[in-house]
Amino acid sequence: LELHDGDSDRIRGAVAKHDAAQSARLIENVARLASEMERRAMDRIDVDAEALHLAQRTLAEDLAGELRRSSLWLLGGAFTILLLLLVFGLHRLVVRPVLDLQRAASAVAEGRLDVPLTPRGHDEVARLVSAFATMLAQLRASQAEVQSKQAALDDANARLESKVVAKTAQLQQALQELRSAQRELVLAERMASVGTLAGGIAHEFNN
């Protein structure tokens, strides 16, 4: 009041000016505070974002490692299963028929043709087993035919031998008869010679 001589208008203007300056300072302080808070918030956000990024990258790397390990386990399991299936299929489709063929070939080499062979499937090995079984059947038929012809040949040989024995006996009998007739003929020739000699001697005596 003393400063403005009790003039209310000047006091109001001074108060308004003081209030405006204080408001401007407050607004400036609030702006500075807001800017500082924003800067700190941004710094904290950057730090949190960097930490979150690091945590996310760590989690992503861990997840990628887990996924790699899981994929490796899955691939290993699938490869093992495929390998087992391949081994089983090879054993069933190739190894077992080849072993059967080997046993059959060994039996045929030993002279046994009664080896059972059953082709499994329609692949090349099965066709080979089927061809070998057909060959065995043909060999068995040929062996049966050879045995039948051998039996017939043995029978014919037995009949021929009996005929040879009979003919030999007949020839021996004929030879004995021929020798007997030869002896009788020699004896008759001797008697004839003696008769001729006796007739000559009698003729000489008559003379």
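Structure report, in brief. (Residues numbered from 1 in each chain as written. Predicted model: local features only at pLDDT ≥ 70, side-chain atom pairs only at ≥ 80, totals over all residues. Heavy atoms only, no water.)

Structural notes on the overall build of the protein
Put simply, the test is: We count a stretch as a helix when DSSP gives it H or I for four or more residues in a row; a strand needs E for two or more, and each element gets its number in order from the N terminus. When checking whether two residues touch, look at their non-hydrogen atoms; a contact exists if any pair is within 4.5 Å. Only the protein chains shown count as covering a residue, and every accessible area follows the Shrake-Rupley method with a 1.4 Å probe. In summary, the charge assignment counts Lys and Arg as positive and Asp and Glu as negative, without counting His or the chain termini. For this purpose, a charge sits on NZ of Lys, CZ of Arg, CG of Asp or CD of Glu.
Secondary structure summary: the protein contains two helices and zero strands in total. Principal axes of the C-alpha set define a box for the protein whose edges measure 245 × 25 × 15 Å. Of the contacts formed within the protein by residues at least 6 apart in sequence, a portion of 41% connects residues at least 24 apart. Accessible area for the protein stands at about 17500 Å²; split by element, carbon and sulfur atoms hold 64% of it. Considering the protein, the positive charge centre built from 25 side chains and the negative charge centre built from 28 side chains are found 8 Å apart.

A closer look at the pattern of salt bridges
For clarity, the threshold we go by: Salt bridges are defined by distance alone: a side-chain nitrogen of Lys or Arg within 4 Å of a carboxyl oxygen of Asp or Glu. Buried means the residue's accessible area, taken with a 1.4 Å probe over protein chains only, is under 20% of the maximum for its type, while exposed means over 50%, and partly exposed covers the values in between.
For the structure shown, the criterion picks out seven salt bridges. A salt bridge links Asp43 to Arg39; its shortest N-O distance comes to 3.1 Å. Placement of both Asp43 and Arg39 in helix α1 (residues 8-109) is noted, with a separation of four residues, approximately one turn of the helix. Residue Arg39 is classed as partly exposed on the basis of its relative accessible area of 43%. Across the pair Arg69 and Glu66 runs a salt bridge, and its minimum N-O distance is 2.5 Å. Taken together, the positions of Arg69 and Glu66, both in helix α1 and three residues apart, correspond to about one turn of that helix. By relative accessible area, which is 44% here, Arg69 ends up partly exposed.

Thoughts on the packing of α1 against helix α2 (residues 124-206)
To characterise two packed helices, one gives the angle between the axes of the helices and the distance between these axes. Our working rule: Only the contacting stretch of a helix is used when fitting its axis, a line to C-alpha atoms as for every element, and angles between N-to-C directions run 0 to 180 degrees. By the definition adopted for this analysis, an angle is roughly parallel if under 35 degrees, roughly antiparallel if over 145, roughly perpendicular if from 65 to 115, and oblique otherwise. Note on convention: the crossing is left-handed when the near helix lies turned anticlockwise from the far helix by less than a right angle, right-handed when the turn is clockwise. Three categories are distinguished: nonpolar for Ala, Val, Leu, Ile, Met, Phe, Trp, Tyr, Cys and Pro, charged for Asp, Glu, Lys and Arg, and polar for the others, with Gly belonging to the last.
Contact geometry for α1 and α2: axes closest at 10 Å, N-to-C directions at 20°. On the basis of the axis angle, α1 is roughly parallel to α2. For α1 against α2, the interelement crossing comes out left-handed. Touching Leu93, Pro97, Leu101, Ala104, Ala105 and Val108 of α1 are Val125, Leu128, Val129, Phe132 and Leu136, all from α2. Across the contact of α1 with α2, the residue classes tally to 11 nonpolar, no polar and no charged.

Regarding the nonpolar core
Heads up, the rule is: Among the buried residues, those of types Ala, Val, Leu, Ile, Met, Phe, Trp, Tyr and Cys that are joined through side-chain atoms within 4.5 Å form a nonpolar core.
Leu101, Ala104, Val125, Val129, Phe132 and Leu136 together form the largest nonpolar core, which totals six residues. Among the elements of the structure, α1 and α2 are those that each provide at least two residues to this core.

Topic: a nonpolar patch on the surface
Going by this rule: Each patch is built from residues that are more than 30% exposed by relative accessible area and take part in no salt bridge. Like charges join if they lie within 9 Å; nonpolar side chains (Val, Leu, Ile, Met, Phe, Trp, Tyr) join within 5 Å.
A contiguous nonpolar patch, built from Phe79, Leu83, Leu86, Val87, Leu90, Leu93, Val94, Val95, Val98 and Leu99 and spanning about 840 Å² of accessible area, is present on the exposed surface. With respect to the secondary-structure elements, Val98 resides in helix α1. When its relative accessible area of 42% is taken as the criterion, Val98 is described as partly exposed.

Regarding α1
Using the following cut-off: A helix is expected to reach a length of 1.5 Å times the quantity of its residues less one. Bend is the name given here to the angle between axes fitted to two runs of seven residues, the run ending at a residue and the run starting at it.
Between its first and last C-alpha atoms α1 spans 141 Å; for 102 residues at 1.5 Å apiece the expected length is 152 Å, and the two agree. Along its length, α1 reaches its greatest deviation from straightness, about 40°, at His91. Of all the positions in α1, only Gly65, Pro97, Asp100, Leu101, Ala104 and Ala107 are classed as buried. At its buried positions, α1 is contacted by α2.

Points about α2
If you check α2, its first and last C-alpha atoms are 117 Å apart, about what 83 residues at 1.5 Å a residue would give, namely 123 Å. Residues of α2 that are buried make contact with α1.

Observations concerning the environment of Glu38
By the secondary structure assignment, Glu38 is in helix α1. It is 30 Å that separates the C-alpha atoms of Glu38 and Lys17, two residues lying 21 residues apart in sequence.

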